[in-house]
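Breakdown of the fold
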Amino acid sequence: MSRAFKIHAADNVATLLADVSAGAAVHVLGESTRNLVARDQIMLGHKLALTPIGAGETVIKFGVAIGCATRDIAEGEWVHLHNLASAFDHRSKTLDVETGAATDTKYE
Amino acid sequence: MSNALIPSWTGFLRGDGRKGVRNLVLIIYTVECAKFVAHSIAAGEDDVHVIGFPGCYDNQYAVRMMLSLGRHPNVGAVLAVGLGCEYTRPDRIAETIASSDRPAEWFRIQDAGGTRSSIEQGKRIVLRMRDHIREATPRVPMRLADLTIGAECGGSDGTSGLAGNPVVGRVFDRVVDAGGTAIFEETVEMIGLKSIILARAAHDTARSQLEAAYEKAVRYCEDVRQFSVAPGNFAGGLSTIEEKSMGAFAKGGSQPLQGVIRVSQRPPSPGLWILDSVPDSHFMQFGYTNPNDTEGIMDLIAAGAQVVLFVTGRGSVIGSPIAPLVKVTGNSRTFERMSDDMDYDAGKVLSGDQTLDEAGDALLALITRVAAGQMSKPEALGHREYFVMYKHQDTPPLEVGCRA
């Protein structure tokens, strides 16, 4: 079973320690131990939601706010640029979700 | 640690009393036009390194940085090479460095007669200086208390904040405990953590320095509409600057923050310090902050770090002149894929094979071997990347109006 790490008791996301495919079970370790099902394919180093997170609610990792949910996020869902936004950095909203590549610079 | 376990090794004593872990000749070129000659002089010589500044118009920040690097404890002698037209003065660079009691010479390519004769002249000078410092530099015992260590991260991914940076944090704690100095920078990667950083201040002065540096970093990133996150960070699972910040800050360990130094300043006392490399406000908005990893590594070396740690989750193939770079990754996949370039796999913490403390001890042991002379991976590969740029920081206000 793939593993994910919950760093702080207050966290509502955990970090994947290996790639996981959609529908696969994930063993969460760290600040609490439990199993849940990944709803999406999620790559090593990326985050999955440990609880449902409503649009506008704070996403917490390391016990600190790392941004706000831009739409409702279900338990087990991949949490990244498509559903999480920084409170500071607005350019990152324009980046490609999969690769992080810039889409706002013109090459012409 | 008991006394018997405190690492010690042999270093090089400089005339100014500082101790180095390498005994190098540094060539400093003062304009892009002199770069080819400078590198040709150094070619084929492991212990002759090169840095330089590309601009023809000089810049106080860049001059301060070249002087700090020339007086670095790992540097035994300096040759400054100019073309002859530029503002930056190789003669003044050599004289200033010579006043720190190490040999320093200079020449201009236009006086020496062109490419071939300049390279020949340069090689003669450099080889003579190298023979001299090999012979004349006193060898002295060194301990962690004599060490200034820097840490930078780049190519971060979701493992960096979980393993790579926390392991470096353990090393920082041990170096500071032993009476040494530890420096990390990237105030633009502290964004979102204001209260956490201020709570680490050793005293009120440090607290106000940290607050000012934090506010400047936020303002700067907003103004240039660029936060310190790159496509590879996002691809590696980091979604926001706040998330990346918390991972990056972990490399600072747990000791109190003594304050904030600026680029090319040395920490005034041992302990844990933050380096502010963000440009100050200026009518030309000189300089981008942290435009690449090499810039940050140069800042740490200019602050006197004799060894620099570089934490990279996704992998990187840079090195540095002057101070050896030790590469740490929290991603075991990256370690295996880039094993020629990576010095230390902190990913064993994530697989459960090692605790953070065990990994910290093992990394510290590697650092002391490198300090004792073992080449780090990038050093052995010949990586000597450097970056000295135009920037405006901490210079007096410009005079306006006509001079009498």
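Residues numbered from 1 in each chain as written. Chains lettered and ligands numbered in written order. Predicted model: local features only at pLDDT ≥ 70, side-chain atom pairs only at ≥ 80, totals over all residues.

**Some details on the overall build of chain A**
When its secondary structure is counted, chain A shows zero helices and nine strands. For chain A, the α and β elements follow one another from N to C terminus as β-β-β-β-β-β-β-β-β. Against the 2.2 N^0.38 benchmark of 13 Å for 108 residues, chain A shows a C-alpha radius of gyration of 14 Å, consistent with a compact globule. If you line up chain A on its principal axes, its C-alpha atoms span 50 × 25 × 20 Å. A separation of at least 24 residues holds for 46% of the contacts in chain A among residues at least 6 apart in sequence. (Helix = DSSP H or I, 4+ residues; strand = E, 2+ residues; numbered from the N terminus. Rg over C-alpha atoms; globule rule 2.2 N^0.38 Å. Contact = placed C-beta atoms within 7 Å.)

**Details of the sheet that holds strand β8 (residues 148-153) of chain B**
Pairing between the strands of a sheet is mediated by backbone hydrogen bonds and can be parallel or antiparallel. All names here are of chain B. Strand order in the open sheet formed by seven strands is β10-β11-β9-β8-β12-β13-β14, and the pairing between neighbours is parallel. Where the open sheet ends on each side, the last strands, each with one partner, are β10 (257-262) and β14 (344-345). Across four bridges, the pairing between strand β12 (residues 307-311) and strand β13 (residues 325-329) is parallel. In the strand pairing of β13, Leu-309 is matched with Val-326. Helix α8 (residues 204-224) contacts β10 and β11 (271-276) of the sheet and is inclined by roughly 50 degrees relative to β10. (Pairing = 2+ DSSP bridges. Axes fitted to C-alpha atoms, helices over the stretch in contact; angles between N-to-C directions.)

**Section: the environment of B:Gly232**
With respect to the secondary-structure elements, B:Gly232 resides in helix α9 (residues 231-235). Between the C-alpha atom of B:Gly232 and that of B:Gly154, which follows or precedes it by 78 residues, the distance is 9.6 Å. With residues near it in sequence (within four places) discarded, B:Gly232 still touches A:Gly100, B:Gly155 and B:Arg314.

**What about helix α6 (residues 160-177) of chain B?**
Residues and elements named next belong to chain B. The first and last C-alpha atoms of α6 sit 24 Å apart over 18 residues, in line with the 26 Å expected at 1.5 Å per residue. Extensive coverage of α6 is indicated by the burial of 16 of its 18 residues. The first or second residue beyond α6 is Gly-179, which carries a positive phi of 95 degrees. (Expected span 1.5 Å × (residues − 1). Buried ≥ 20, exposed ≤ 12 C-beta atoms within 10 Å, placed from the backbone.)

**With respect to the interface of chain A and chain B**
Facing the 30 residues of chain A at the interface are 29 residues of chain B. If you tally residues by element for the side of chain A that touches chain B, the top one is strand β7 (residues 64-69) of chain A, at four residues. Split into classes, the residues belonging to the side of chain A that touches chain B amount to 17 nonpolar, nine polar and four charged. (Nonpolar A, V, L, I, M, F, W, Y, C, P; charged D, E, K, R; others polar.)

**Describing the environment of B:Glu379**
All names here are of chain B. Following the sequence through the fold, Glu-379 ends up in helix α14 (residues 377-381). The buried category is assigned to Glu-379, around which 21 C-beta atoms lie within 10 Å. Separated by 56 residues in sequence, Glu-379 and Ala-323 have C-alpha atoms that sit 9.0 Å apart. In this structure Glu-379 touches Gly-319 and Pro-324, once residues within four positions along its chain are discounted.

**Description of the pairing of β8(B)**
All names here are of chain B. Buried residues dominate β8, accounting for six of its six residues. Across the two faces of β8 the burial is the same, with Thr-148, Gly-150 and Glu-152 and Ile-149, Ala-151 and Cys-153 all buried. For the crossover that starts at β8, traverses α6 and ends in the parallel strand β9 (residues 181-184), the hand is right-handed. (Right-handed = clockwise from strand over helix to strand, strands pointing away.)

**Thoughts on the confidence of the model for chain B**
Detailed reading of the predicted coordinates is not advisable wherever pLDDT falls low. All names here are of chain B. In this model, chain B carries an average pLDDT of 93, and 95% of its residues clear a pLDDT of 70 or more. Counting contacts from residues 395-404, a segment whose pLDDT is below 50, to residues more than four positions away or on other chains yields one contact. Among the prediction metrics, the complex's ipTM stands at 0.82, with pTM recorded as 0.90. (pLDDT = per-residue confidence, 0-100.)

**A look at the sheet that holds strand β2 (residues 19-20) of chain B**
All names here are of chain B. The antiparallel open sheet is built from three strands, whose spatial order is β2-β1-β7. What marks the edges here is a single partner per strand, and that holds for β2 and β7 (139-143). Bridging between strand β1 (residues 8-13) and β7 involves five bridges; their strand directions are antiparallel. Residue pairing for β7: Thr-10 is matched across the bridge by Pro-141.

**Remarks on the domain arrangement of chain B**
All names here are of chain B. Domain annotation for chain B reports domain 1 (24-136) and domain 2 (143-381). Distance from the C-alpha centre of domain 1 to the C-alpha centre of domain 2: 29 Å. Counting residues at the interface gives 14 residues for domain 1, matched by nine residues for domain 2. Listing elements by their share of the side of domain 1 that touches domain 2, those giving two or more residues are β3 (24-29), β4 (48-52) and α2 (60-70). It is α2 that contributes the most residues to the side of domain 1 that touches domain 2, five residues altogether. (Domains from an automatic or database assignment.)

**Focus: unusual backbone geometry**
Residues and elements named next belong to chain B. For Asp-101, which is not glycine, the phi torsion reads 70 degrees and is therefore positive. In this structure, Asp-101 sits in the loop between α3 (90-98) and β6 (104-108). Its identity is not glycine, yet Arg-225 carries a phi of approximately 50 degrees, on the positive side. Take Arg-225: it is sitting in the loop between α8 and α9.

**Digging into the nonpolar core**
In terms of nonpolar packing, the biggest core is built from 146 residues, with A:Leu48, B:Ile27 and B:Val307 touching the most fellow members. Looking at this core, the element that brings in the most residues is α6(B), giving eight residues. Taken together, domain 1 (24-136) and domain 2 (143-381) of chain B each give at least three residues to this core, which thus spans both. Contacts of B:Val307, omitting those with residues within four sequence positions, involve B:Val21, B:Leu147, B:Ile149, B:Ala323, B:Pro324, B:Val326, B:Ile367, B:Val370 and B:Ala371. (Core = buried A, V, L, I, M, F, W, Y, C linked by C-beta atoms within 7 Å.)

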